[in-house]
Structure formats: C-alpha cells, structure tokens
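# Analysis of the macromolecular model
Each chain, letter by letter, is given below.
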Amino acid sequence: MRNARSAVPGFSIAIAILIAGLMLALIVGRYPVSLGDLMSVLTAKLAGHRADVSPAVESVIWQVRGPRVIAAMLVGAALAVAGTAFQGLFRNPLVSPDILGASSGAALGAVVGIYLSLSVFAVQAVAFLGGLIAVGVVYVIGASARSRDPILVLVLTGVVVGSLFGAGVGLVKYLADPYNQLPAMTFWLLGSLSATGVSDLAPLFGPVAIGAAVLVALRWRMNVMSLPEEEARALGVATGPLRIAIVAAATLVTSASVATAGIIGWVGLVVPHLARSLVGPDFARLLPASAILGGGYLLLIDTLARTMAQVEIPLGILTALIGTPFFIWLLASVQKNWS
C-alpha cells in the first residue's frame, strides 16, 4: 500500500505531461485553434450535438490533427513499453529497440514491403518478421559470447546487427524507383507522422494493443526475470518460453510503430528511465507509466517537429538530438557503477 501511494506523484506527473502534450498538439499549428474552441468541440462531441464553432475548426481537430495525435500517442507508448521490456529482460539500462536492432530489422522488412507494393497489414507482418530476426540474432550472439562484460557485448552486437540490416535498407533504396519509391522511403526512414490518416490507426492500434496486453499480463514474471537466471528458475519461472513471449510482444509493438511512423529512435531508451525515476522499478507500475510518458513525450516532439520551422522536421532527428546526450550521460553513469 505504501509503494502504491509513493507512485501517485509519479503517475500524476506522467499524466500531466500527456495532457499538456495532447492540448498543445490539438491547439498549435499552422491553423491555430483556441482553447475555448477546442473545449467546445470536445464537449459537443461528448454531448452529441454540434459545436458552436466554424466547420474548419472541427475539420482541423477531427480529420487533420486527431488521427495524428492518436498515432503519436500509440507510437510513443509502444516504443516506451518495448524499451522498458527489453531493459528489464536483458537487465541492461543501455538496451532499447534501436540498440538491439529491432528498429533496423523492422525498417528493412517495411522497406521491402514498400518496394514490393504490399498492403499495410502485409508491410507490418514483414516488419515484424524483420524485427524479430534482428533481436533474435543479437540475443543469440550476445548469449553465446562469453565475456566479463556482457553489457558491452550486447550493445556492440546490436550495433553490428543494426548496421547489417541498415545495409539491407540501403540496398533496397538503391534498387527502388528513384522517382516514386525512393523519396517516400527516405522521408519515411527519418520518422514522420505527417501522412497519418484515420485508415492508419487500425493497423497500428491492433498490434500495439496485443503486444502491450501481453507485456502487462506478464508484469509480475518480468519482475522475476530481473533476477539472475538461476534465481528466476528456482522461483519456478520457465525463463525460456517467457523470454520468447516478452521478445515477441516487444518486437510486435516496435514493428507496428516502425511500419506506421518510420524509425523514431531513442524513445525506447530515454522514456523508461524517466518513468523509472517517477514510479520505481516494479513493472506493474513501470509499464503503464512508460506508456503514458511515452505518449506525452512523442506528442510534444511531434508538435515541435511541425511548428518550429517552415518545413516539417523528421521526428528521428529531434529524438536523436535529445537522446544522444542522454545516452552519453547514461553510459558515463553506468561506467561508474561498473567500477
């Protein structure tokens, strides 16, 4: 009970960030919407009558910004939850879907799907397969390499495998149509939600909901997986099947996010640490806090991306500008702990 009460301030901060990001995303833009008009539209929708605003305002809120806001929340929550799961599974604070190669593998699968002109669901399926293969290769190599420094081996393996899949992405781009497919692939690989519409929400929501539900259902066992392998098995946990289920669920939500928004790095590394500082390491609280904080974080980033310049800035650039110094600080902090 005391632990639950201690998490209340942390959840309050995460929810406040999400609400602030949601409001800013709906109000700020090339067509500004006042807070009064926004509240009028929202209350009218709940009451079931027409809002006392111009049709253009309603169109901007529901048709233009609404789908993009929902997609940003889902993608941010998915990447944050996946990063939380990977960090807990590998007992490594430096692990994220980007570093483990899940994003690169999913990107290769999605680019191949785009090159073959597959449907949205088929692109997500191929992206999921690519992400799963990448993480599987990293995990097998990291587990087989006997080293006194497993964290360094895991990070280096992820970098190498990510580079290999990145080379595959480069090959597909080289073979793609330079007038139609290549510009779309290049812009998509930098991460963007600019082309998100209502039709993109269902293919995104389904995999994210399924993967997140699996991780939440396994939250207590994930706490046990944070222990050394022998101790977890002594407590009666089947570590092998559980590890496969966690990797599959985290890769599913990552792949769905990549297939929808492209590669948006660093969210899965930065947000779990922020959430852990707010609510603690217990996955029963950490997973929902990461999802809430991840959704609010990407909402703020996406709002900044489409308003800070005359042209829209890719999301991957902004998240890298924030994530890179955070990773350097984290690496230095972990090094101190090693010594």
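Structural notes, computed from the coordinates.

Calculation criteria
- Residues numbered from 1 in each chain as written.
- Predicted model: local features only at pLDDT ≥ 70, side-chain atom pairs only at ≥ 80, totals over all residues.
- Heavy atoms only, no water.
- Helix = DSSP H or I, 4+ residues; strand = E, 2+ residues; numbered from the N terminus.
- Rg over C-alpha atoms; globule rule 2.2 N^0.38 Å.
- Buried < 20%, exposed > 50% of the residue type's maximum accessible area, 1.4 Å probe, protein only.
- Contact = heavy atoms within 4.5 Å.
- Areas by Shrake-Rupley, 256 points an atom, 1.4 Å probe, with all protein chains shown as cover.
- Lys, Arg positive; Asp, Glu negative; His and termini not counted.
- Charge placed at Lys NZ, Arg CZ, Asp CG, Glu CD.
- Expected span 1.5 Å × (residues − 1).
- Phe/Tyr/Trp six-rings, centres within 6.5 Å; stacked < 30°, edge-to-face > 60°.
- Lys NZ or Arg CZ within 6 Å of the ring centre and 35° of its normal.
- Axes fitted to C-alpha atoms, helices over the stretch in contact; angles between N-to-C directions.
- Parallel < 35°, antiparallel > 145°, perpendicular 65-115°, else oblique.
- Left-handed = near helix turned anticlockwise from the far one by under 90°.
- Nonpolar A, V, L, I, M, F, W, Y, C, P; charged D, E, K, R; others polar.
- Polar contact = N/O pair within 3.5 Å; in protein donor to acceptor, adjacent residues only side chain to side chain.
- Arc of directions from axis to C-beta.
- Salt bridge = Lys/Arg side-chain N within 4 Å of Asp/Glu carboxyl O.
- Core = buried A, V, L, I, M, F, W, Y, C linked by side-chain atoms within 4.5 Å.
- Patch = residues over 30% accessible without salt bridge, like charges linked within 9 Å, V, L, I, M, F, W, Y side chains within 5 Å.

### As for the overall build of the protein chain
- Helices and strands together make up the secondary structure of the protein chain, namely 15 helices and 0 strands.
- Here the C-alpha radius of gyration of the protein chain, 20 Å, is about what a compact globule of 339 residues would show, namely 20 Å.
- Structurally, the protein chain occupies a C-alpha span of about 65 × 60 × 35 Å along its principal axes.
- For the protein chain, buried positions account for 49% of its 339 residues.
- The long-range share in the protein chain, meaning contacts at least 24 apart out of those at least 6 apart in sequence, stands at 76%.
- Counting only carbon and sulfur atoms, one obtains 70% of the accessible surface of the protein chain, whose full area is about 15800 Å².
- Both charge centroids of the protein chain, one from 19 positive and one from 13 negative side chains, sit 8 Å from each other.

### Quick notes on helix α12 (residues 239–261)
- The terminal C-alpha atoms of α12 lie 33 Å apart, and with 23 residues this matches the ideal 33 Å at 1.5 Å per residue to within 8%.
- Most of α12 sits inside the fold, with 17 of its 23 residues counted as buried.
- Where α12 terminates, the next one or two residues include G262, which has phi positive at roughly 80°.

### Notes on the packing of aromatic side chains
- Tallied over the full model, the rule gives 2 aromatic pairs.
- Between F326 and W329, the aromatic rings sit 5.7 Å apart at their centres with planes inclined by 45°, giving tilted as the arrangement. Separated by 3 residues within a single helix, F326 and W329 lie in helix α15 (residues 315–338), roughly one turn from each other.
- With a relative accessible area of 17%, F326 lands in the buried category.
- Residue placement shows K45 over the ring face of W62; its charged tip is 5.4 Å from the ring centre.

### Describing the packing of helix α9 (residues 201–217) against α12
- Axis separation between α9 and α12 bottoms out at 8 Å; the angle between their running directions is 155°. Relative to α12, the element α9 lies roughly antiparallel. Regarding α9 and α12, the two cross each other, and that crossing is left-handed. Facing L204, P207, V208, I210, G211, A212, V214 and L215 of α9, the residues of α12 in contact are A245, I246, A249, A250, L252, V253, A256, S257 and T260.
- For the contact of α9 with α12, the class distribution of residues is 14 nonpolar, 3 polar and no charged.

### Considerations on the side chain of Q181
- You can see Q181 is positioned in helix α8 (residues 181–189).
- At 3.1 Å, the side chain of Q181 forms a polar contact with the backbone oxygen of Y115.
- Look past the residues within four positions of Q181 in its chain and what remains in contact with it is I114, Y115, S117 and A176.

### Observations regarding α8
- All buried positions along α8 are accounted for by Q181, M185, W188 and L189. Axial view of α8: buried residues confined to an arc of 95°, hence all on one face.
- Remark: G191 follows α8 within two positions and exhibits a positive phi of approximately 90°.

### A few points about the pattern of salt bridges
- A full pass over the atoms with the stated rule returns 4 salt bridges.
- Residue E312 pairs with R68 through a salt bridge whose shortest N-O separation is 2.5 Å. With E312 in the loop between α14 (283–307) and α15 and R68 in helix α4 (residues 55–90), this residue pair connects regions lying 244 residues apart in the sequence.
- By relative accessible area, which is 24% here, E312 ends up partly exposed.
- The class of R68 is buried, set by a relative accessible area of 11%.
- Each of R68, D302 and E312 takes part in salt bridges that share partners, so that together they form one network.

### Examining the environment of I210
- Mapped onto the fold, I210 is located in helix α9.
- Among the residues examined, I210 registers a relative accessible area of 52% and is labelled exposed.
- For the pair formed by I210 and V253, sequence separation is 43 residues and the distance between their alpha carbons is 8.2 Å.

### Side note on the nonpolar core
- If you look at the biggest cluster of nonpolar residues, it comprises 90 residues, and the most contacted ones within it are F86, L215, M222, I246 and I264.
- Per-element accounting of this core gives the leading share, 17 residues, to α4.
- Core analysis: the next-biggest nonpolar cluster, separate from the first, contains 8 residues, L94, I99, V155 and F327 among them.

### Some words on a nonpolar patch on the surface
- On the surface, a cluster of nonpolar side chains totalling about 640 Å² of accessible area is made up of Y115, L116, L118, L171, Y174 and L175.
- Here the element with the most residues in the nonpolar patch is helix α7 (residues 150–175); it accounts for 3 residues.
- Here L116 is to be found in the loop between α5 (102–115) and α6 (120–144).

### Side note on the environment of S34
- Inspection of the secondary structure assignment puts S34 in the loop between α2 (8–27) and α3 (35–47).
- Judged by relative accessible area, which is 38%, S34 ranks as partly exposed.
- Considered as a pair, S34 and V57 are 23 residues apart in the sequence and their alpha carbons are 9.4 Å apart.

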